[in-house]
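What follows is the residue order along each chain.
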Amino acid sequence: MRLGVLDIGSNTVHLLLVDAHPGARPVAFASHKRPLSLVQYLDGDGNINDAGQHELIEFVLEAWEFAARHKAEDLLAFCTSAIREATNGADVLARVKHETTVTLQELTGSEEASMTFFAVRRWYGWGAGPILDLDIGGGSFEMAYGTDELPEFATSVPLGASRLTRDWLHEDPPTAKSVKELRRYIRSTLKPVVREFHELGRANLVAGTSKTFRSLARIAGAAPSAAGPYVKRELHAADLGLWAQRISAMTVADRLYLPGVSDARARQLLAGALVAEAALELFEFPKMEICPWALREGLILRRLDQLVFEDALDPAPHVGKRKKDKSKKKKDGKHPDKHKEDEEPDNPVKEFPVSVNDPAPAPIPAPAAGGLAS
């Protein structure tokens, strides 16, 4: 089946279409996304203003058309901290539903952390033992720990990279005083939460699952995304501390010359680095692994698990048959440039827009509230 996941995050709004069936690895088919920092559209009272709501609704309509054009059979639509923590979040969700017919499921911070952990566990398997997952978003920082498929403890704190940049780092480059004050704030916020995790035991593996961690690892020397999702990527605390110092002295324009850093992420890179640095220090781990799966994959996998119980699980068509090896690749001797090697996502997928001459299929039915995996 073709499944769509519409992710309304704090930094980007993203529709991912995947081809998948129960028991198989989801394969990306097409992607449509746009930088949209809803945190930047908050007014003094914490409301998402009309301009931000208009941008959001415009994208949801685009995503709906995109999913229908590519014959998606199921659509999971959800939102995270940007709308969850907005004063008028409920009104925004109601307006989106009224103007687009799409019901956005609001995930709590612990639900977001749990579904991300679920994807990490599926990626690494049971052999990884206890896992600690860390995910830095635009508006919040999620943490989860456990030995099973779902975590024993999952929580969220308001330490998103975009939020911290807006509230603390006003100059370009930031002043030494503002960086020092932000470091102090991050640690004071994290310390009581980390103590709760310490009571559960120590993880065998620490995983980082957000774009912020991927960018920091790339800057510190990890392989580019063009190398594929199966290349092991690590982020070491020693490298992170060094780069946090360097980035604090850079302007936003200078950060764009770093590998893997996009226009949309350059400004908030320092805040993300400071959160990552503090987390590794307080959890007392010298390094973390970068996991290519995160929240979207967790929701997809959870939905596929539901289908196992709703319908009989038949073997895939190829079971019991041998396939011819078609894995030979042509080599042209060319080397990808910086922009190509750091392209997201890891899987080559078709990008919007599609040709206006392509015939559009009948619209997929509007998703009902509660369509997300529970």
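Residues numbered from 1 in each chain as written. Predicted model: local features only at pLDDT ≥ 70, side-chain atom pairs only at ≥ 80, totals over all residues. Heavy atoms only, no water.

Draft legend 1. Region of interest: the overall build of the protein. In terms of helices and strands, the protein carries 13 helices and 12 strands. A separation threshold of at least 6 residues defines the contact pool for the protein, and within that pool the share at least 24 residues apart is 74%. Taken as a whole, the protein presents about 18100 Å² of accessible surface, with 52% of it coming from carbon and sulfur. (Helix = DSSP H or I, 4+ residues; strand = E, 2+ residues; numbered from the N terminus. Contact = heavy atoms within 4.5 Å. Areas by Shrake-Rupley, 256 points an atom, 1.4 Å probe, with all protein chains shown as cover.)

Draft legend 2. Up close: the pairing of strand S1 (residues 2–8). Counting buried residues in S1 gives seven out of seven residues, a clear majority hidden from the surface. The side-chain alternation of S1 yields two buried faces, one formed by Arg2, Gly4, Leu6 and Ile8 and the other by Leu3, Val5 and Asp7. Taken together, the seven bridges between S1 and strand S2 (residues 12–19) define a ladder with antiparallel strand orientation. If you follow Ile8 over to S2, its bridge partner there is Val13. Between the end of S1 and the start of S2, which pair antiparallel, lie three residues. In terms of strand pairing, S1 meets strand S4 (residues 74–79) through six bridges, oriented parallel. Paired with Asp7 across the strands is Phe78, a residue of S4. (Buried < 20%, exposed > 50% of the residue type's maximum accessible area, 1.4 Å probe, protein only. Pairing = 2+ DSSP bridges.)

Draft legend 3. Up close: the sheet that holds strand S9 (residues 205–208). One open sheet holds the six strands; their spatial order is S8-S7-S6-S9-S11-S10, and the pairing between them is mixed. Each edge of the open sheet is held by one strand with a lone partner, namely strand S8 (153–157) and strand S10 (234–236). Sheet twist, expressed as the mean angle between neighbouring strand axes with direction ignored, is 25°. As judged from the four bridges shared by strand S6 (residues 131–136) and S9, these two strands associate in the parallel manner. Paired with Ile131 across the strands is Leu205, a residue of S9. On the sheet, helix H6 (residues 176–198) packs against S6, strand S7 (141–146) and S8 and is oriented at approximately 180° with respect to S8. (Axes fitted to C-alpha atoms, helices over the stretch in contact; angles between N-to-C directions.)

Draft legend 4. Expanded view of the packing of helix H5 (residues 161–168) against helix H11 (residues 269–283). Their axes nearest at 8 Å, the elements H5 and H11 cross at an angle of 115°. By the angle class used here, H5 and H11 are roughly perpendicular. Here H5 runs over H11; the crossing is right-handed. Contacts between H5 and H11 involve Ala161, Leu164 and Thr165 from the former and Ala271, Gly272 and Val275 from the latter. (Parallel < 35°, antiparallel > 145°, perpendicular 65-115°, else oblique. Left-handed = near helix turned anticlockwise from the far one by under 90°.)

Draft legend 5. Quick look at the nonpolar core. If you look at the biggest cluster of nonpolar residues, it comprises 50 residues, and the most contacted ones within it are Leu132, Leu134, Phe141, Met143, Ile186, Leu190 and Phe283. At the level of secondary structure, the elements contributing two or more residues to this core comprise S6, S7, H5, H6, helix H7 (211–219), helix H8 (237–248), H11 and strand S11 (287–290). The next biggest cluster of nonpolar side chains, apart from the first, holds 30 residues, and it includes Phe29, Phe59, Leu93 and Leu104. (Core = buried A, V, L, I, M, F, W, Y, C linked by side-chain atoms within 4.5 Å.)

Draft legend 6. Fine view of H11. With 15 residues, H11 extends 21 Å between its outermost C-alpha atoms, agreeing within 8% with the 21 Å of an ideal straight helix rising 1.5 Å per residue. Burial of H11 is extensive: 14 of the 15 residues sit out of reach of the surface. Taken from the residues just after H11, Glu284 is the one with a positive phi, measuring 65°. (Expected span 1.5 Å × (residues − 1).)

Draft legend 7. Just the pairing of S7, in detail. Among the six residues that make up S7, six are buried, leaving the element largely enclosed by the rest of the structure. What you see with S7 is no split at all: Phe141, Met143 and Tyr145 on one side and Glu142, Ala144 and Gly146 on the other are buried throughout. In terms of strand pairing, S6 meets S7 through six bridges, oriented antiparallel. Each bridged residue has a counterpart across the sheet, and for Leu134 the counterpart in S7 is Met143.

Draft legend 8. Just helix H1 (residues 50–69), in detail. Look at H1: 29 Å from first C-alpha to last across 20 residues, which is about the 28 Å you get at 1.5 Å a residue. Every buried residue of H1 is listed here: Gly52, Gln53, Leu56, Ile57, Phe59, Val60, Ala63, Trp64, Phe66, Ala67, Ala68 and Arg69. Elements in contact with the buried residues of H1: S1, S2, strand S3 (27–35), S4, helix H2 (81–84) and helix H3 (89–100). Two to three positions downstream of the cap, the backbone nitrogen of Ala51 sits 3.2 Å from a side-chain oxygen, assigning the N-cap of H1 to Asn49. (Polar contact = N/O pair within 3.5 Å; in protein donor to acceptor, adjacent residues only side chain to side chain.)

Draft legend 9. Fine view of the pattern of salt bridges. As enumerated under the stated definition, the model contains 20 salt bridges in all. One salt bridge connects Glu55 with Arg34, and the closest N-O pair in it is separated by 3.2 Å. Taken together, the residues Glu55 in helix H1 and Arg34 in strand S3 connect sequence positions 21 residues apart. Accessibility expressed as a relative area gives 16% for Arg34, which makes it buried. Each of the salt bridges in this network shares a partner with another, and the network as a whole consists of Arg34, Glu55, Glu58 and Glu62. (Salt bridge = Lys/Arg side-chain N within 4 Å of Asp/Glu carboxyl O.)

Draft legend 10. Representation of the environment of Asp74. Relative to the elements of secondary structure, Asp74 occurs in strand S4. Taking the C-alpha atoms as reference points, Asp74 and Val5, 69 residues apart in sequence, are found 8.6 Å from one another. Not counting residues up to four positions away in its chain, the partners in contact with Asp74 are Met1, Arg2, Leu3, Gly4 and Arg303. Looking at Asp74, its side chain comes within polar contact range of the side chain of Arg303, at 2.7 Å.

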